[in-house]
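Spelled out, the chains give:
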Amino acid sequence: MNRQAFSLAPSSLTDALYQSLRRRIINGEIAAGEKLTEQRIATEYDVARPTAKVCLERLTVLGLLQRSAHKTAVVPELDADEVRDLFFSRGTVESAAVTVLASGGSVPVEATEAQVLIEAAARDGDFERQVDADIAFHTALVSGAGSRRLNRMHELIMGEVHLTMGRFQAHRSTQGSTIAHEHAAILDGIEARDPERARVHLAEHLDHARDRLLARLEADAAEAAG
């Protein structure tokens, strides 16, 4: 069987491998339930197995892969209950972050920069760029709170969030300008030093994202059932 060879940038080999596999998983090129072994990665990318192992471990820690009972890494497939739990956890962490930020009226520069990218991607209809900027926006909010442990918890959650955003492409079911507007409202609440207002806008934004994902899951299940 012929296998496609994937080339890597000449930067850090492990980082380049991680980024390539991450992108393929998120975009659905590597399907949910598909196995990723050290041997497969080493063969496809022409890297040593220890390099492949490190990459698999990194993807697993961030929730982009799961280990089965036999230690085989597989791409996870989240069901509706897992999506609800994911957004419950995400909302808890991000709500704490925006409360801290709004208490001091501190809008992270990185969040503002990500918002500019989101608005540009919305105008251009560039879904992939919008998803990346969306992740950067929420990551910046949590990082801006200044808690190393909160940031670490959020990093673990966002691996699965990014997976669902790319795989189900639920953002496509609403206008990009709507998401940009929701983000702007969160920033306005922070800048106004109004923690309650910032939390409310954040909760509404995350509820809309969760509901889009659940609707897509329901539609996919109905289509599979015929």
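Attention here is on the structure that accompanies the text. (Residues numbered from 1 in each chain as written. Predicted model: local features only at pLDDT ≥ 70, side-chain atom pairs only at ≥ 80, totals over all residues. Heavy atoms only, no water.)

1. Points about the environment of Met-165
Link 1 in the chain: In this fold, Met-165 is placed in helix H7 (residues 148-168).
Link 2 in the chain: For Met-165, a relative accessible area of 8% translates into the label buried.
Link 3 in the chain: Taking C-alpha positions, Met-165 is 9.1 Å from Asn-27, a pair spaced 138 residues apart along the chain. (Helix = DSSP H or I, 4+ residues; strand = E, 2+ residues; numbered from the N terminus. Buried < 20%, exposed > 50% of the residue type's maximum accessible area, 1.4 Å probe, protein only.)

2. Considerations on the sheet that holds strand S3 (residues 73-74)
Link 1 in the chain: Spatially, S1-S3-S2 is the arrangement adopted by the 3 strands of the open sheet, whose pairing is antiparallel. What marks the edges here is a single partner per strand, and that holds for strand S1 (35-36) and strand S2 (66-67).
Link 2 in the chain: In this sheet, S3 lies alongside S1 in antiparallel orientation, the contact comprising 2 bridges. Across the sheet, Lys-35 pairs through a bridge with Val-74, a residue of S3. (Pairing = 2+ DSSP bridges.)

3. Some remarks on unusual backbone geometry
Link 1 in the chain: Even without being a glycine, Asp-46 presents a positive backbone phi close to 55 degrees.
Link 2 in the chain: Summarising the element assignment, Asp-46 is placed in the loop between helix H2 (38-45) and helix H3 (49-61).
Link 3 in the chain: Judged by relative accessible area, Asp-46 falls into the exposed class, the value being 72%.
Link 4 in the chain: Positive phi, close to 60 degrees, is recorded for Arg-193, a residue that is not glycine.
Link 5 in the chain: You can see Arg-193 is positioned in the loop between helix H8 (176-191) and helix H9 (195-225).

4. Describing a negative patch on the surface
Link 1 in the chain: There is a patch of like negative charges on the surface, built from Glu-77, Asp-79, Glu-82 and Asp-85.
Link 2 in the chain: For Asp-85, the position within the fold is in helix H4 (residues 80-104). (Patch = residues over 30% accessible without salt bridge, like charges linked within 9 Å, V, L, I, M, F, W, Y side chains within 5 Å. Areas by Shrake-Rupley, 256 points an atom, 1.4 Å probe, with all protein chains shown as cover. Salt bridge = Lys/Arg side-chain N within 4 Å of Asp/Glu carboxyl O. Lys, Arg positive; Asp, Glu negative; His and termini not counted. Charge placed at Lys NZ, Arg CZ, Asp CG, Glu CD.)

5. Quick notes on the packing of helix H5 (residues 109-124) against helix H6 (residues 127-144)
Link 1 in the chain: As a packed pair, H5 and H6 sit with axes 8 Å apart at the nearest point and diverge in direction by 160 degrees. Judged by the angle between their axes, H5 and H6 are roughly antiparallel. Like other packed secondary-structure pairs, H5 and H6 cross with a definite hand, here left-handed. Contacts between H5 and H6 pair Glu-110, Ala-111, Ala-114, Gln-115, Leu-117, Ile-118, Ala-120, Ala-121 and Asp-124 from the former with Arg-129, Gln-130, Ala-133, Asp-134, Ala-136, Phe-137, Ala-140 and Leu-141 from the latter.
Link 2 in the chain: For the contact of H5 with H6, the per-class residue count stands at 11 nonpolar, 2 polar and 4 charged. (Axes fitted to C-alpha atoms, helices over the stretch in contact; angles between N-to-C directions. Parallel < 35°, antiparallel > 145°, perpendicular 65-115°, else oblique. Left-handed = near helix turned anticlockwise from the far one by under 90°. Contact = heavy atoms within 4.5 Å. Nonpolar A, V, L, I, M, F, W, Y, C, P; charged D, E, K, R; others polar.)

6. Details of H2
Link 1 in the chain: Among all positions of H2, only Arg-40, Ile-41, Ala-42, Glu-44 and Tyr-45 are buried.
Link 2 in the chain: Next to the buried residues of H2 lie helix H1 (13-26), S1 and H3.
Link 3 in the chain: Phi for Asp-46, located one or two positions after H2, is positive at around 55 degrees.

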